[in-house]
Amino acid sequence: LLHHFGNRDDLLLAVIRDINQQFRQTVIDHLDLSENRPGKMLRAYVRALCDSQTDVAHYFTPSLVWSGIAHIPGVADEMTADERWWNDQLTLDGVDPDITHIICRAAEGIAAATALGEETPDQIARSRALLLAMTDNPANHRQA
């Protein structure tokens, strides 16, 4: 490993970057390109996180491991850059930012509960359907 990474911190930073990229790709894989209305990326985000068939939920499991690496040089900057990327993508999506925030946090909570084994497939499906319906409420869309 030290041939590819100068030290343990470099390896962990590379893992964080890879996880962020994998998550972005998973969400992109859930995009429905036929949707021609506001909220396309937000719906993909919900679909990716509220999918009992993928491992995405494990990224949102509360863990001492994640908090234990926040001090590593570059990790906080990487997480901030990733958050900024998501904010930019979701801002362009056309859904009210406050509604987007609530839907994202709900989807992330469902994903964390799923990873902890606290959600049944039926609960996940019902929650997913409700969150997706919330993205389609025209009152939630920004006026151009």
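Here the structure is shown first, and the text comes after it.
Residues numbered from 1 in each chain as written. Predicted model: local features only at pLDDT ≥ 70, side-chain atom pairs only at ≥ 80, totals over all residues. Heavy atoms only, no water.

J.: Any chance you could explain the nonpolar core here in plain terms?
T.: Nonpolar side chains tend to gather and get buried jointly when the protein is soluble and globular. Core analysis: the biggest nonpolar cluster contains 21 residues, and Val27, Tyr45, Val46, Cys50 and Leu131 have the highest contact counts within it. With 7 residues, helix H2 (residues 40–49) is the largest single contributor of residues to this core. Among the nonpolar cores identified, the runner-up in size contains 5 residues, and Ile16, Ile69, Ile72 and Val75 belong to it. (Core = buried A, V, L, I, M, F, W, Y, C linked by side-chain atoms within 4.5 Å. Buried < 20%, exposed > 50% of the residue type's maximum accessible area, 1.4 Å probe, protein only. Helix = DSSP H or I, 4+ residues; strand = E, 2+ residues; numbered from the N terminus.)

J.: What am I meant to see in the packing of aromatic side chains here?
T.: The relation between two aromatic rings is expressed through the spacing of the ring centres and the mutual angle of the planes. Considering all chains together, one arrives at 4 aromatic pairs under this definition. Ring centres of Phe23 and Trp86 lie 5.4 Å apart, and the angle between their planes is 50°; on these two criteria the pair is classed as tilted. Of the two residues, Phe23 sits in helix H1 (residues 8–29) while Trp86 sits in helix H4 (residues 75–91), which places them 63 residues apart along the sequence. For the ring pair Tyr45 and Trp86, a centre distance of 5.2 Å and an interplane angle of 70° mean the geometry is edge-to-face. You can see Tyr45 sitting in helix H2 and its partner Trp86 sitting in helix H4, a full 41 residues away along the chain. The exposure class of Trp86 is buried, given its relative accessible area of 8%. Of the aromatic side chains, those joined through ring pairs into one cluster are Phe23, Tyr45, Trp85 and Trp86. (Phe/Tyr/Trp six-rings, centres within 6.5 Å; stacked < 30°, edge-to-face > 60°.)

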